[in-house]
Amino acid sequence: MRSPRLIHIQQVAPALAEGNTIVLKPAEMTPLIACKIAEIFSEAGLPAGFLNMVYGFGQETGQYLLEDKRIAMFTFTGSPGVGRHIKSSTGIRKVTLELGNNSPNIIHKDVHDSDRAVELCVTRGYVNAGQACISGCQPAFFVADKELKGKWLMDYSMNRPFWVG
């Protein structure tokens, strides 16, 4: 998972706010964060049984959950391959997927500071070693003006350093 704490809060809080009961199966590499989040909700007064934790590997535990017809909705953040499997396994039940990201940035010709815009596109694409699914693509972006595009290509090809300042 890219940012487990953020992802769990984004998925759990709205469902709890609507009065739903939740089964949370965190990625096998990040179970402690999910456990801490459940502890915080419990300390805040969430009644027992509203947030239920299940641990294990996706191919076993995740598949078991997919086959449980009592679960009305699934939400998953991760790879397109696993997302396709979830979608094909859930029938008519609701599924929300956040899969591999490829979202370029667009720089328009009326940008106030083109050097800063390019700098941010390049550096933000590598936040968390390029594993931040909410950052721009690493570092793909479109420059909507030919003059700016030529300037950026020239600067980038000269190995101009980009520092976030």
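Everything numeric in this text was worked out from a predicted model, so none of it was measured.

(A) The overall build of the chain, seen in detail. When its secondary structure is counted, the chain shows six helices and six strands. Along the chain, helices (α) and strands (β) appear in the sequence α-β-α-β-α-β-α-β-β-α-β-α when read from the amino end. Looking at the chain alone, contacts between residues at least 24 apart form 57% of all its contacts between residues at least 6 apart. Entry remark: accessible area of the chain is about 11,100 Å², with carbon and sulfur atoms responsible for 58%.

(B) Broad picture of the layout of surface pockets. The calculated volume of the largest pocket comes to roughly 1,300 Å³. Along its surface, the largest pocket is lined by 41 residues, and K25, F74, T75, F76 and I86 are the ones closest to its centre. Only α1 (4-17), β1 (22-24), α3 (58-67), β3 (73-77) and α4 (80-89) provide two or more residues apiece to the lining of the largest pocket. Top contributing element to the lining of the largest pocket by residue count: α3, with six residues. For the lining of the largest pocket, the residue count by class is 21 nonpolar, 15 polar and five charged.

(C) Main features of the environment of G62. Within the secondary structure layout, G62 lies in helix α3. Measuring from C-alpha to C-alpha, the distance between G62 and P26 comes to 9.7 Å, with 36 residues separating the pair along the chain. Discounting residues that sit within four places of it in the chain, G62 has contacts with K25 and F57.

(D) Highlighting the pattern of salt bridges. For the coordinates displayed, the defined rule picks out three salt bridges. Across the pair E28 and K25 runs a salt bridge, and its minimum N-O distance is 3.9 Å. Taking the relative accessible area as the measure of exposure, K25 reaches 21% and is therefore partly exposed.

(E) Geometry of α3. Buried within α3 we find T61, G62, L65 and L66. On an axial view of α3, the arc spanned by its buried residues comes to 140 degrees, and they lie on one face. Within α3, the exposed residues directed more than 90 degrees away from the buried face are Q59, E60, Y64 and E67. Buried residues belonging to α3 abut β1, β3 and α4.

(F) Structural view of the side chain of T61. Looking at where T61 falls in the secondary structure, it is placed in helix α3. Taking relative accessible area as the criterion, T61 reaches 15% and is therefore assigned buried. Apart from residues no more than four positions distant in its own chain, T61 is found in contact with K25, V54, Y55 and G56.

Rules and cut-offs
- Residues numbered from 1 in each chain as written.
- Predicted model: local features only at pLDDT ≥ 70, side-chain atom pairs only at ≥ 80, totals over all residues.
- Heavy atoms only, no water.
- Helix = DSSP H or I, 4+ residues; strand = E, 2+ residues; numbered from the N terminus.
- Contact = heavy atoms within 4.5 Å.
- Areas by Shrake-Rupley, 256 points an atom, 1.4 Å probe, with all protein chains shown as cover.
- 1 Å grid on protein atoms, 1.4 Å probe; cavity = no way out; pocket = protein on both sides within 12 Å on 5 of 7 lines; lining within 4 Å.
- Points joined across faces, edges and corners; volume = space filled by probe spheres on them.
- Nonpolar A, V, L, I, M, F, W, Y, C, P; charged D, E, K, R; others polar.
- Salt bridge = Lys/Arg side-chain N within 4 Å of Asp/Glu carboxyl O.
- Buried < 20%, exposed > 50% of the residue type's maximum accessible area, 1.4 Å probe, protein only.
- Arc of directions from axis to C-beta.

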